[in-house]
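Examination of the molecular architecture
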Amino acid sequence: MMDRFRARRAPYLLLGALLAVALLAPTNGSAGPPPDFRLQTLDGDWLTLSDELDGKVVYVTFWATWCVPCRREMPHLEKLYEELADQGLLIIGVNTDPPGTTSKIKPYIKRYGLTYPTALDPDNNVLDKYNPTRELPYAVLIDREGNVHQVFPGYRAGDEKLLREAILELLANDDADPAEAVPGDAG
Amino acid sequence: MTRASRLLAAALLLLAATAAADDDDATKSYRIFGQLTTEIERNQAEDEDDPNDGDYTKFKQLASFNIEWSRLTIGAQGEYLYYSDAELIDPLDLDRLRSDFELRKYYIDYKGSKLKGRLGTFYSSLGRGLTLYVQKNDVLGLDEPIHGATAELTLKHLELSVVGGEVNDPLLSNQYSRNFDDRVYGGRAVVRLPLDLYVGGSAVRAELERTFPEGTDEIDVWSVEAGGLGLWGVLDLAGEWSEIEKDEFTRVKEGWGRYVSAAAYVGPVSILAEYKDYFNFSYRYNLPPNAGRADESYDHNDVKGPRLLVSADIVATGSIVHGSYARFNSHKDPSSPGGTNGDAQVEWYAGLEQTNGRVYFQGSYFDRDWSDRGIQQHHTIGDLHIGVGGSGEIIAGYDERVEEAAYFSLGTTRTTLGYSLSPYGTATLRYAWEDRTGFDREDFWGAEIQYLPTRRLTVTVFGGSDPGGLVCAGGQCRIEPRFKGLRGNLTWRF
């Protein structure tokens with residue numbers, strides 16, 4: 001009887017423990033360097049993340065042509081890129097469409113007028129390292145030191161304002177405390 | 001994959017890693033990153049009088065971590081799965097064949113400037129998926145990687161890749177209530193030519209465990225491919241020619257796959273044209289190209305025909321419009337006994353995306369007339385977002401999928417009404433109904449809250465009922481089970 005009681009309650013107890021651990025975990029925004037990757041771009045060239053960092057503020061965003069929130073976020077990203085690229089911002093779009101729909105990617109990019117580089121991760125082996133649950137869009141913001149400053153899971157209208165503030169902060173002050181960079185975000 | 005070949009691959013990777021450590025350009029970083037996901041489902045009985053339809057709880061925990069040092073990454077993903085009553089699990093639940101703890105993924109990954117390699121679990125496809133396609137599909141819940149090794153070598157104008165290992169088809173496993181020990185081996189070579197042109201080819205041998213009787217079917221498939229990117233600044237071309245031979249229990253079947261696509265960009269207008277011709281071409285681990293909608297089902301075994309897709313950006317009004325027309329048929333002989341007059345299907349869809357200040361709308365309509373089978377399919381989607389306050393938004397969604405046949409029709413309609421507040425989360429009410437011939441209309445209600453206390457933590461709770469049904473993503477489809485109860489998900493990124 002007691003065993004059955006324990007078996008039934010065990011998942012909930014474990015979940016509670018995990019929730020407590022997660023909430024009590026350190027919330028320092030900076031989390032070391034991101035997983036490096038080397039992917040082919042839409043033009044057939046190769047892009048290696050570590051080669052691109054080079055003192056820049058880099059926003060790596062994973063997206064797919066079927067992802068509606070990605071579609072809503074893209075015009076904001078393009079606007080940020082056009083405005084801040086000269087100040088050291090680099091945006092790298094990593095497309096995660098499967099190989100069968102590769103032909104749709106370039107028309108899609110043309111349609112939204114995206115000028116930042118797009119790398120292809122058709123096997124999703126890179127995305128799987130960054131985010132095994134594969135929520136899209138999923139992005140990481142990397143500071144000039146090459147460390148992950150913040151992660152951005154999903155997109156909600158208004159997120160672009162927080163992203164803009166975070167990017168401006170990183171561009172302006174290399175020594176800023178990442179945990180203080182974005183209002184409302186402890187992590 | 002034999003133990004000897006695994007050891008050999010491991011030795012090669014370690015050798016490469018040693019070389020990388022001596023390379024001044026190699027990244028000398030060390031970090032641990034990963035994710036912890038916990039899901040709980042309390043699935044309630046549909047029929048209280050049915051002993052096989054009782055309440056049960058499903059608990060699933062996924063922990064993934066990676067350690068990166070220099071050019072090496074070592075990663076693992078463990079899963080703990082618990083069902084309170086294994087007898088009551090819905091047969092359509094793709095997790096039902098697993099229980100307790102399982103090491104789902106494990107790998108050692110090497111990334112050099114010219115050589116990439118991985119030993120352990122990975123996803124892979126060769127070319128455009130005609131010869132090999134093994135991918136995760138999160139929308140459908142498919143997550144069965146290859147267990148083996150892969151490597152990619154990039155020289156100045158030459159790219160070589162090889163892949164080999166054991167794999168299992170999750171949809172087939174679920175259907176037959178057992179895992180399949182299949183093996184795939186293959187490779188691809190691509191030569192980059194001047195003027196952004198390329199030629200290449202790939203070949204795969206697959207050894208597939210039969211569903212019945214015991215034994216192994218052997219599949220040999222190869223393809224040659226060619227194309228060009230940015231030709232004259234406005235044109236992308238791609239084509240692939242493939243042959244397949246299936247050595248099955250009592251017969252040998254041959255087939256083919258041909259695919260060609262052209263994409264052109266003229267000012268604000270993009271045009272994509274494709275032609276496909278697949279005959280007897282499907283096997284468990286290939287998925288040929290398709291420029292159709294990602295959320296519809298498509299046949300890849302016996303189909304031929306063209307598609308035209310046009311999209312245009314009307315800058316003055318902030319509108320993007322797109323439309324597609326396709327006309328397909330199969331290779332069925334109209335004069336064959338019991339045959340049809342062909343297998344014609346006409347498919348078209350059109351959509352509008354409109355951004356006007358803080359209002360965003362996207363809507364589309366899909367129509368497929370499978371006249372020789374007497375089937376008609378329609379799919380209507382609407383998605384409206386209206387900005388409210390500083391960072392808030394009201395969201396309304398509509399999704400209606402209808403299939404009509406001669407004596408039967410099935411329609412599933414889903415509506416959503418939600419409010420999102422950046423960066424904290426979203427609250428959504430869901431109402432869906434299902435109409436099918438011979439049954440009363442069924443209603444489904446639900447509510448979902450997604451809360452992000454920090455960007456590293458996401459908590460999602462859904463309560464209510466969901467009709468399930470056909471779900472398609474990226475060219476693959478499955479029938480999702482109905483759900484009634486409570487479902488919670490917690491994801492922590494570290």
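Residues numbered from 1 in each chain as written. Chains lettered and ligands numbered in written order. Predicted model: local features only at pLDDT ≥ 70, side-chain atom pairs only at ≥ 80, totals over all residues.

Some thoughts on the overall build of chain A
What counts, and what does not: Secondary structure elements follow DSSP: runs of H or I no shorter than four residues count as helices, runs of E no shorter than two count as strands, and numbering proceeds from the N terminus. Residue pairs qualify as contacts under a 7 Å threshold applied to their C-beta atoms, which are placed from the backbone.
A count of helices and strands for chain A gives six helices and seven strands. For chain A, the succession of helices and strands along the chain, N to C, is α-β-β-α-β-α-β-α-β-α-β-β-α. A fraction of 72% describes how many contacts in chain A between residues 6 or more apart in sequence connect residues 24 or more apart.

Some words on the overall build of chain B
Helix and strand counts for chain B stand at two helices and 28 strands. Partitioning the contacts of chain B with sequence separation of at least 6, the portion at a separation of at least 24 is 49%.

Digging into the environment of G44(A)
Keep this limit in mind: Counting other C-beta atoms within 10 Å of a residue's own tells you its class, since 20 or more makes it buried, 12 or fewer makes it exposed, and anything in between is partly exposed; those C-beta atoms are placed from the backbone.
Tracing the backbone shows G44(A) in the loop between β1 (38–41) and β2 (46–48). Using a count of 17 C-beta atoms within 10 Å as the deciding quantity, one classes G44(A) as partly exposed. Separated by 75 residues in sequence, G44(A) and A119(A) have C-alpha atoms that sit 9.3 Å apart. Beyond its immediate sequence surroundings of up to four residues, G44(A) is in contact with R192(B), D196(B) and L229(B).

What to know about the nonpolar core
Rules: Joined through C-beta atoms within 7 Å, a set of buried Ala, Val, Leu, Ile, Met, Phe, Trp, Tyr and Cys residues constitutes a nonpolar core.
Residues V60(A), F62(A), A139(A), V140(A), L141(A) and I142(A) are the most contacted members of the largest nonpolar core, which totals 40 residues. It is strand β3 (residues 57–63) of chain A that provides the largest number of residues to this core, a total of six residues. Aside from chain neighbours lying at most four places away, what touches I142(A) is P34(A), L53(A), V57(A), V58(A), V60(A), N147(A), V148(A) and H149(A). With 28 residues, the next largest nonpolar core counts F122(B), V134(B), V221(B) and Y285(B) among its residues.

Quick notes on the interface of chain A and chain B
Defined as follows: In the scheme used here, Gly and all other residues not listed as nonpolar or charged are polar, with Ala, Val, Leu, Ile, Met, Phe, Trp, Tyr, Cys and Pro taken as nonpolar and Asp, Glu, Lys and Arg as charged.
Counting residues at the interface gives 56 residues for chain A, matched by 80 residues for chain B. Those elements giving two or more residues to the side of chain A that touches chain B turn out to be α1 (2–24), α3 (68–84), α4 (105–112), α5 (125–130), β7 (148–153) and α6 (159–172) of chain A. At six residues, α1(A) tops the list of elements feeding residues into the side of chain A that touches chain B. Partitioned by chemical class, the residues of the side of chain A that touches chain B number 23 nonpolar, 16 polar and 17 charged.

Remarks on α6(A)
The periodicity of an α-helix, 3.6 residues per turn, causes residues three or four positions apart to be oriented the same way. All names here are of chain A. Rules: Multiplying 1.5 Å by the helix residue count minus one yields the expected span of that helix. Working definition: the arc comes from the directions between the helix axis and the C-beta atoms, pointing outward to the latter.
Look at α6: 20 Å from first C-alpha to last across 14 residues, which is about the 20 Å you get at 1.5 Å a residue. Among the residues of α6, those classed as buried are D159, L162, L163, A166, I167 and L170. Projected down its long axis, α6 shows its buried positions confined to an angular sector of 130°, all on one face. Structurally, α6 contributes buried residues whose contacts are with β3, α3, β4 (89–95), β6 (138–142) and β7.

Looking at the pairing of strand β19 (residues 359–370) of chain B
All names here are of chain B. Rules: For two strands to pair, DSSP has to find at least two bridges joining them.
Of the strand pairs in this sheet, strand β18 (residues 345–356) and β19 are connected by 11 bridges, and their pairing is antiparallel. Counted as the bridge partner of Y349 is F366 from β19. Hairpin connection from β18 to β19: two residues lie between these consecutive antiparallel strands, with G357 at a positive phi of about 60°. Relative to strand β20 (residues 375–388), β19 runs antiparallel, the two sharing 12 bridges.

Comments concerning α4(A)
Residue and element names in this part refer to chain A. In terms of burial, α4 is a largely internal element, seven of the eight residues being buried. Considered for burial, the residues of α4 that qualify are I105, K106, P107, Y108, I109, K110 and R111. Looking one or two residues past α4, G113 carries a phi angle of roughly 60°, positive in sign.

Regarding the confidence of the model for chain A
All names here are of chain A. Rule in force here: The pLDDT score gives, residue by residue, the confidence of the prediction method on a 0 to 100 scale.
Averaged over chain A, the pLDDT score is 78; the fraction of residues at 70 or greater is 75%. Across residues 1–7, confidence stays below pLDDT 50; counting only partners more than four residues off in sequence or on other chains, it has zero contacts. Segment residues 176–187 is flagged for pLDDT under 50; beyond a separation of four residues in sequence, or across chains, it makes 33 contacts in the model.

Concerning the sheet that holds β4(A)
All names here are of chain A. The following threshold applies: Axes here mean lines fitted to C-alpha atoms, for a helix over just the part in contact, with angles spanning 0 to 180 degrees between N-to-C directions.
Strand order in the open sheet formed by seven strands is β2-β1-β5-β4-β3-β6-β7, with mixed pairing between adjacent strands. Of all the strands in the sheet, the pair left with one neighbour each is β2 and β7. Direction aside, neighbouring strands of the sheet carry axes that sit 30° apart on average. Of the pairings in the sheet, the one linking β1 to strand β5 (residues 118–120) comprises two bridges and is antiparallel in character. Counterpart to Q40 in the pairing with β5 is L120. Docked against the sheet, α3 engages β3 and β4, running at close to 150° with respect to β4. Contacting β3, β4, β6 and β7, α6 runs over the sheet at an angle of about 170° to β7.

Digging into the confidence of the model for chain B
All names here are of chain B. Residues with a pLDDT of 70 or more make up 89% of chain B, whose mean pLDDT is 86. Counted against residues more than four places away or in other chains, residues 20–30, with its pLDDT under 50, gives 17 contacts. In the predicted complex, the global pTM is 0.84; the interface-specific ipTM is 0.80.

Here we look at the packing of α3(A) against α6(A)
Describing two packed helices takes the angle between their axes plus the distance from one axis to the other. Residues and elements named next belong to chain A. Stated precisely, the cut-off is as follows: Here the angle decides the label: under 35 degrees means roughly parallel, over 145 means roughly antiparallel, 65 to 115 means roughly perpendicular, and every other value means oblique. Crossing handedness is read from the near helix: turned anticlockwise from the far helix by less than a right angle, it gives a left-handed crossing, and turned clockwise, a right-handed one.
In contact at an axis separation of 11 Å, α3 and α6 are set at 25° when each is read in the N-to-C sense. The angle between α3 and α6 places the two elements in the roughly parallel class. α6 is crossed by α3, and the crossing has right-handed handedness. For the pair formed by α3 and α6, the contact residues are E73, H76, L80 and L84 on the first element and E160, R164, I167 and L171 on the second.

Focus: unusual backbone geometry
A cis geometry characterises the amide bond from F212(B) onward to P213(B), with omega recorded as -10°. The residue P213(B) is located in the loop between β11 (197–209) and β12 (216–231) in this model. A cis geometry characterises the amide bond from S422(B) onward to P423(B), with omega recorded as 0°. Along the chain, the position of P423(B) falls in the loop between β22 (409–421) and β23 (425–436). With phi around 45°, D54(A) is a residue other than glycine that occupies positive phi space. Relative to the elements of secondary structure, D54(A) occurs in the loop between α2 (49–53) and β3. The exposure class of D54(A) is exposed, given the 11 C-beta atoms found within 10 Å. Positioned with a positive phi, D100(B) is a non-glycine residue whose angle comes to about 55°. For D100(B), the position within the fold is in strand β4 (residues 100–111).

Some points on the environment of Y259(B)
Here Y259(B) is to be found in strand β14 (residues 252–266). Once you skip the residues sitting within four places of it in the chain, Y259(B) turns out to touch R128(B), L130(B), G239(B), E240(B), K276(B), P288(B) and P289(B).

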